[in-house]
Amino acid sequence: AGFSGRAGEVFEPAASSRRLLLGTGQRPSRLDAEKAGATAAARLLDSPHAVLVAGDANHPAIVAALVSGIALRSWRFDRYRSRNLAPALSRLTVIG
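Residues numbered from 1 in each chain as written. Predicted model: local features only at pLDDT ≥ 70, side-chain atom pairs only at ≥ 80, totals over all residues. Heavy atoms only, no water.

(A) Spotlight on the overall build of the protein. Each helix and strand counted, the protein has two helices and four strands in total. When its helices and strands are written in sequence order, the protein yields β-β-α-β-α-β. Across the 96 residues that make up the protein, the buried fraction comes to 26%. In the protein, of all internal contacts separated by at least 6 residues, the share reaching a separation of at least 24 is 56%. Of the roughly 6,800 Å² of accessible surface on the protein, a fraction of 52% belongs to carbon and sulfur atoms. (Helix = DSSP H or I, 4+ residues; strand = E, 2+ residues; numbered from the N terminus. Buried < 20%, exposed > 50% of the residue type's maximum accessible area, 1.4 Å probe, protein only. Contact = heavy atoms within 4.5 Å. Areas by Shrake-Rupley, 256 points an atom, 1.4 Å probe, with all protein chains shown as cover.)

See below:
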C-alpha cells in the first residue's frame with residue numbers, strides 16, 4: 001500500500017471507515033510521537049470518539065506523547081461561536 005511507517009507518514013485506507021496508520025519511525029522521539037498524534041487528531045476532528053491502538057509504541061513516554069498530541073490538536077474554544085460546529089473529538093480510548 002506504500003506505507004512504510006516513517007515519521008510523519010499517514011495512511012488512511014479508502015475502504016476503511018476512519019482508520020489511520022501513523023508513522024513514527026523506528027525509534028520515535030517524543031516530538032515525533034506528538035506530531036503523529038496531532039496529525040491523527042486533525043484528520044479525526046469531526047469524530048466524537050477515537051481509539052488509539054499503540055501497537056509497537058510500548059514505551060509509556062511515546063504513548064503519552066501520542067495522546068498529548070491528540071489532546072493539543074483537538075482542543076478548541078468555541079463558546080462564543082455564532083454558528084454550530086460539528087462535534088469535536090471528545091473521547092479517546094487507548095489500547096496497548
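There is more to say, and it comes next.
(B) Looking closely at the nonpolar core. By size, the foremost hydrophobic cluster in this structure holds six residues: Ala 33, Ala 36, Leu 52, Ile 62, Ala 65 and Leu 66. Where this core is concerned, the elements lending two or more residues are helix H1 (30-43) and helix H2 (60-74). Leaving out residues up to four positions away in the same chain, Ala 36 has contacts with Leu 22, Gly 23, Thr 24 and Leu 66. Counting residues in hydrophobic clusters, the runner-up holds five residues, among them Ala 41, Leu 44, Ile 70 and Leu 89. (Core = buried A, V, L, I, M, F, W, Y, C linked by side-chain atoms within 4.5 Å.)

(C) Broad picture of H2. With 15 residues, H2 should reach 21 Å at 1.5 Å per residue; the first-to-last C-alpha distance of 21 Å fits that figure. Of all the residues in H2, the buried ones are Ala 61, Ile 62, Val 63, Ala 65, Leu 66, Gly 69, Ile 70 and Ser 74. Here the buried face of H2 lies against H1, strand S3 (49-53) and strand S4 (91-95). (Expected span 1.5 Å × (residues − 1).)

(D) A look at H1. The end-to-end C-alpha distance of H1, which contains 14 residues, comes to 20 Å, matching closely the 20 Å that a straight helix rising 1.5 Å per residue would cover. Elements in contact with the buried residues of H1: strand S2 (21-22) and H2.

(E) Seen up close, the pairing of S3. In S3, alternate side chains face the same way, and those of Ala 50 and Leu 52 are buried while those of His 49, Val 51 and Val 53 on the opposite face are not. Across five bridges, S3 lies against S4 in parallel orientation. If you follow Leu 52 over to S4, its bridge partner there is Val 94. (Pairing = 2+ DSSP bridges.)

(F) Just a nonpolar patch on the surface, in detail. Among the surface-exposed residues, Val 51, Val 53 and Ile 95 lie close enough to one another that they form a single nonpolar patch of about 270 Å² accessible area. Position of Val 53 relative to the elements: it lies in strand S3. A relative accessible area of 58% means that Val 53 is categorised as exposed. (Patch = residues over 30% accessible without salt bridge, like charges linked within 9 Å, V, L, I, M, F, W, Y side chains within 5 Å. Salt bridge = Lys/Arg side-chain N within 4 Å of Asp/Glu carboxyl O.)

(G) Here's a closer look at the environment of Gln 26. With respect to the element layout, Gln 26 can be found in the loop between S2 and H1. Linking Gln 26 and Arg 6, residues 20 residues apart in sequence, is a C-alpha distance of 7.4 Å.

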